[in-house]
Structures are given as C-alpha cells and as structure tokens.
Amino acid sequence: MSELLLDIGQMRDPEARIERTFAAGVLPTDPSLCRIVAPVALNVVVRKDRRQVRLAGRVRTAIELVCSRCLEGYELPVDEAFDVLFLPHTPAGEGEERMVEDDDLSTAFYDDNVIDLGQLMQEQCYLAVPMKPLCGDACRGLCPSCGTNLNTDPCTCQPVWVDPRLAVLEQLRKDT
C-alpha cells in the first residue's frame, strides 16, 4: 500500500498520531496553479469512532506561484491547519438533491477503509493559493506598452493616451 494511503481498517486504537514527511514530487499538482517545491510535512491526529474518522492537523511546505502582476515565479510558505470528518462513501440516490450545509464543507468520504492523505495534503496546498498571487505588496508589474518588468528595469516608453471619442476631431484638424 502506498505511503500516501491510510488504511483505517488496520487501526485498533481509537486515536493515532501520524507525523510524516513526503518528498516534494510525491504530490501531483496543477502546474498552471502552483508547484510544490519543498518537502511536505504532515502532522495529524486520527480519531476513529466506528466508521467516522476525524483527521485534525497541519500541512507544512512551500509552493511556487506566478505573480499576477509581473509574471515572475516566487515561493509561498504553506502552513495550513485542517479538521476534516471522513465518512464512508455511500452511493447517492438517483436524482436526489439536497442543500449543502456548512458542516458539509469540512466533510469528505472514503472508500474501502482507505483515506488518501495525498489528496488531503494537495487540497490544503490549493487552499493556500491566494486569489491574486503577488510576489510582494510593492510589485509594480509589467509596462502595458512594452512589457518591461518594472521591478527590475525602468521603462523608457512614453505612453500617450488619446480619448477615442475625440479621434474624429483629430482627423478634422489633420485635414485642414
């Protein structure tokens, strides 16, 4: 069995502590969103109550993101706490609809007495990604005219903005 899978069927005690470190390349991520660049440390307490399993702990690593202003890569440390209740997966009734409750957002499901710790750690890394990744608050971004990174080089272009509503008047002036 993979080191990323937790077999809860083998657990004899109602509570267990897991402290593991995984290599950065073990967890697959979407490269357009982020890339894990440091070992992933997982510290979790597993509490088993019949078929319900609660995992509470922390994930620590570093991810590489692309700044949304200057398009340069930068590292962001991840230190995310989680508390997830795992329930056995039961097939939903055909066409059954129900409202999503607040408790459902911290509930996950498992199959065959196995919980995928890799998926749990991957989700925590994705949750750490900001909506608008910035390499720093003072990032100046790219010049809209020439594309120069304003954090590293000064821009030499002289942007001139002309109101498009006055373009007709400019044309009249040129014709005379």
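Remember, it's a predicted structure, so these values are computed and weren't measured experimentally.

Where charged atoms from two side chains of opposite charge approach closely, those side chains can pair. Across all of its chains, the model carries eight salt bridges by this definition. For the salt bridge of arginine 17 with glutamate 19, the shortest nitrogen-to-oxygen distance reads 3.4 Å. Among the salt bridges present, the one from arginine 35 reaches glutamate 64, with a minimum N-O distance of 3.1 Å. Remark: glutamate 64 occurs in strand β5 (residues 52–66) and arginine 35 occurs in strand β3 (residues 35–36); sequence separation between them is 29 residues.

So, about the environment of leucine 33. Turning to its location among the elements, leucine 33 is positioned in the loop between β2 (15–22) and β3. Relative accessible area serves as the criterion here: at 36%, leucine 33 is assigned to the partly exposed category. With 100 residues separating them in the primary sequence, leucine 33 and proline 133 have C-alpha atoms 9.9 Å apart. The residues contacting leucine 33, other than those within four sequence positions of it, are Leu65, Tyr126 and Val129.

Considering the arrangement of structural elements, one finds aspartate 163 in the loop between α1 (117–128) and α2 (167–175). What makes aspartate 163 buried here is its relative accessible area of 15%. Within the structure, the side chain of aspartate 163 is placed 2.7 Å from the side chain of arginine 165, a separation counted as a polar contact.

We now examine the state of the cysteines. Put plainly, two cysteines are in a disulfide when a covalent bond ties their sulfur atoms together. Per the stated rule, a full pass over the model turns up zero disulfides. In this structure cysteine 139 is not part of a disulfide, and its nearest cysteine sulfur, from cysteine 135, lies 3.7 Å away. Among the residues examined, cysteine 139 registers a relative accessible area of 8% and is labelled buried.

So, about a nonpolar patch on the surface. Where nonpolar side chains cluster on the molecular surface, the patch consists of Leu166, Val168, Leu169 and Leu172 and spans about 400 Å² of accessible area. Within the element layout of this structure, leucine 166 appears in the loop between α1 and α2. Using a relative accessible area of 46% as the deciding quantity, one classes leucine 166 as partly exposed.

A word on α1. The α-helix advances 3.6 residues per turn, and as a result positions three or four apart in sequence lie on the same side. Relative to the 16 Å expected for twelve residues at 1.5 Å per residue, α1 spans 17 Å between its end C-alpha atoms, a close match to the ideal helical length. Regarding α1, the residues found buried are Leu117, Gly118, Leu120, Met121, Gln122, Gln124, Cys125 and Ala128.

Bringing the side chain of threonine 29 into the picture now. In this structure, threonine 29 sits in the loop between β2 and β3. There is a polar contact of 3.2 Å between the side chain of threonine 29 and the backbone oxygen of cysteine 34. Beyond its immediate sequence surroundings of up to four residues, threonine 29 is in contact with Cys34, Arg35, Ile36, Gln122 and Tyr126.

In this sheet, strand β6 (residues 73–88) lies alongside β5 in antiparallel orientation, the contact comprising 14 bridges. Pairing of threonine 61 across the sheet is with valine 78, part of β6. Where β5 hands over to β6, the hairpin turn is made up of six residues, of which leucine 71 adopts a positive phi near 65°. Two strands pair when backbone bridges link them, and β6 and strand β7 (residues 107–110) are joined in this way by four bridges, in the parallel orientation. In the sheet register, leucine 87 faces β7, and the bridge partner there is phenylalanine 109.

Before going further, it helps to examine the environment of arginine 17. For arginine 17, the location among the structural elements is in strand β2. Taking the C-alpha atoms as reference points, arginine 17 and arginine 47, separated by 30 residues in sequence, lie 8.9 Å from one another. A distance of 3.4 Å separates a polar atom in the side chain of arginine 17 from a polar atom in the side chain of glutamate 19.

Reading guide: rules and limits
Residues numbered from 1 in each chain as written. Predicted model: local features only at pLDDT ≥ 70, side-chain atom pairs only at ≥ 80, totals over all residues. Heavy atoms only, no water. Salt bridge = Lys/Arg side-chain N within 4 Å of Asp/Glu carboxyl O. Helix = DSSP H or I, 4+ residues; strand = E, 2+ residues; numbered from the N terminus. Buried < 20%, exposed > 50% of the residue type's maximum accessible area, 1.4 Å probe, protein only. Contact = heavy atoms within 4.5 Å. Polar contact = N/O pair within 3.5 Å; in protein donor to acceptor, adjacent residues only side chain to side chain. Disulfide = S-S within 2.5 Å. Patch = residues over 30% accessible without salt bridge, like charges linked within 9 Å, V, L, I, M, F, W, Y side chains within 5 Å. Areas by Shrake-Rupley, 256 points an atom, 1.4 Å probe, with all protein chains shown as cover. Expected span 1.5 Å × (residues − 1). Pairing = 2+ DSSP bridges.

By themselves these figures say nothing about function.
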